[in-house]
Amino acid sequence: MELTTIQLEVAEGVAAVTLNRPPVNAQNRRLREELLWLFDTLSDREDVRAIVLTGAGKNFSAGADIKERVGLVQEPGDYLRHNRLTREFFHCVADCAKPVICAVNGAAIGAGFALMSCCDILLMAEDAFVQMPELDVGLAGGAAFLLRHFSPSTARMMFFTGRRVPARELYRRGIIEACLPGDQLLPAALEMAREIAAKSPVAVSKAKHAFGTVETMPFRDGYRYEQGVTVELSRTEDAREAQRAFVEKRAPVFRGC
């Protein structure tokens, strides 16, 4: 697929994905289709072991393109198809086989926050913020994304009022990993991605899948599932190489199998 709203750069095992739909990276159908196609593709690319997602300009993403919403329902099933694409747009990031680091360079509003929240690790610029003004534009989706990160009271406050929550407050609450000056954000995200990319791709992929699986399971069942993942990993050449390298006090050389 030709990418017209997203930029992609791959180097050192890291894919840098940049939303690039001026002026505010609003999410229209084309952007969602491109991102869905791209993340499915990156899941299968052997030269990509970690991903950094960010936005061009001063915004990460201002959310859904409201202009596109006007007159959306013209034929039976229009909204159902729209909602299905929107769901998969978010899920393709969460389901991606590679860890995704979100470098939130500016405003993450509505669906922009939802996209951010689907990533594995969150970093933000000091002047960035999140906001859920859905009620002000005739929408109501997003509570599920808020409740993944905030208390029920805070989630309701954000949704009912539409107030902005700055990056510093998110860092104070332990929701993001770093709150950085804007010029340090992307370098920090890329450095972390390269650190992940240096590890066994088999182990990292299985670990990401395990996180997504056990978070909804009872503790006992979740840990039993993880033990099963360890058994699977023990049969891989990468696991044997990691153990040999540890004993021999040298850097491992992973083959991805």
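In short, a report on the structure. (Residues numbered from 1 in each chain as written. Predicted model: local features only at pLDDT ≥ 70, side-chain atom pairs only at ≥ 80, totals over all residues. Heavy atoms only, no water.)

## Brief notes about the sheet that holds strand β4 (residues 59-61)
Backbone hydrogen bonds hold the strands of a sheet together, and the pairing may be parallel or antiparallel. Taken in spatial order, the four strands of this open sheet run β4-β6-β8-β9, and their pairing is mixed. This sheet does not close on itself; its edge strands, each paired only once, are β4 and β9 (165-166). Note that strand β6 (residues 107-109) and strand β8 (residues 129-131) share two bridges and pair parallel. Each bridged residue has a counterpart across the sheet, and for A108 the counterpart in β8 is V130. (Pairing = 2+ DSSP bridges. Helix = DSSP H or I, 4+ residues; strand = E, 2+ residues; numbered from the N terminus.)

## A look at unusual backbone geometry
Following P22, the chain continues into P23 via a peptide bond in cis, with omega recorded as 5°. Despite not being glycine, E12 has its phi angle at roughly 55°, a positive value. Structurally, E12 is set in the loop between β1 (6-11) and β2 (14-19). For E12, a relative accessible area of 64% gives the class exposed. A positive phi angle, near 55°, is found at N25, a position not held by glycine. Among the secondary structure elements, N25 is positioned in the loop between β2 and α1 (29-44). Its relative accessible area of 1% is what places N25 among the buried residues. (Buried < 20%, exposed > 50% of the residue type's maximum accessible area, 1.4 Å probe, protein only.)

## With respect to the nonpolar core
Most often, soluble globular proteins keep nonpolar side chains buried together rather than apart. Within the largest apolar cluster, 63 residues are counted, with the highest numbers of intra-cluster contacts made by L35 and M116. If one sorts the elements of this core by residue count, α1 sits on top with six residues. Every residue in contact with M116, bar those within four places of it in the chain, is listed here: F60, C102, V104, A108, L122, M124, V130, L170 and I176. (Core = buried A, V, L, I, M, F, W, Y, C linked by side-chain atoms within 4.5 Å. Contact = heavy atoms within 4.5 Å.)

## Examining the pairing of strand β3 (residues 50-55)
Side-chain positions along a regular strand alternate between the two faces of the sheet. Among the six residues in β3, six count as buried, and that is most of the element. What you see with β3 is no split at all: A50, V52 and T54 on one side and I51, L53 and G55 on the other are buried throughout. In this structure, β2 lies alongside β3, joined through six bridges in parallel fashion. Each bridged residue has a counterpart across the sheet, and for A15 the counterpart in β3 is I51. On the question of chirality, the crossover connecting β2 to the parallel β3 by way of α1 is right-handed. Sheet topology places β3 next to strand β5 (residues 100-104); four bridges connect them, and they run parallel. Residue pairing for β5: L53 is matched across the bridge by C102. (Right-handed = clockwise from strand over helix to strand, strands pointing away.)

## Some remarks on the environment of A11
With respect to the helices and strands, the residue A11 is situated in strand β1. Residues A11 and C118, spaced 107 residues apart in sequence, show a C-alpha to C-alpha distance of 23 Å.

## Focus on the pairing of β1
Judged from the six bridges that link them, β1 and β2 form a sheet pairing that is antiparallel. Among the inter-strand pairings, L8 is bridged to a residue of β2, identified as V17. Taking the residues between adjacent antiparallel strands as the criterion, β1 and β2 are bridged by two residues, where E12 takes a positive phi near 55°.

## Some remarks on a negative patch on the surface
Residues D40, D44, E88 and D95 make up a contiguous surface patch of negative charge. Locating D40 in the fold gives a position in helix α1. Residue D40 is classed as partly exposed on the basis of its relative accessible area, which comes to 42%. (Patch = residues over 30% accessible without salt bridge, like charges linked within 9 Å, V, L, I, M, F, W, Y side chains within 5 Å. Areas by Shrake-Rupley, 256 points an atom, 1.4 Å probe, with all protein chains shown as cover. Salt bridge = Lys/Arg side-chain N within 4 Å of Asp/Glu carboxyl O. Lys, Arg positive; Asp, Glu negative; His and termini not counted. Charge placed at Lys NZ, Arg CZ, Asp CG, Glu CD.)

## Some points on the packing of aromatic side chains
By the definition in use, this model includes three aromatic pairs. With 5.1 Å between their ring centres and 65° between their planes, F90 and F145 make a pair best called edge-to-face. Here the residue F90 occupies a position in helix α3 (residues 78-94), and F145 occupies one in helix α5 (residues 143-147), the gap between them amounting to 55 residues. When sorted by exposure, F90 lands in the same class as F145, which is buried. When the centroid spacing of 6.2 Å and the interplanar angle of 40° are considered together, the rings of F113 and F150 count as tilted. Taken as a pair, F113 in helix α4 (residues 111-117) and F150 in the loop between α5 and α6 (152-161) lie far apart in primary sequence, 37 residues in all. The burial state of F113 is the same as that of F150; both residues are buried. Among the aromatic side chains, those forming a connected cluster through ring pairs are F89, F90 and F145. The ring of F89 carries R32 above its face, with NZ or CZ at 5.5 Å from the centroid. (Phe/Tyr/Trp six-rings, centres within 6.5 Å; stacked < 30°, edge-to-face > 60°. Lys NZ or Arg CZ within 6 Å of the ring centre and 35° of its normal.)

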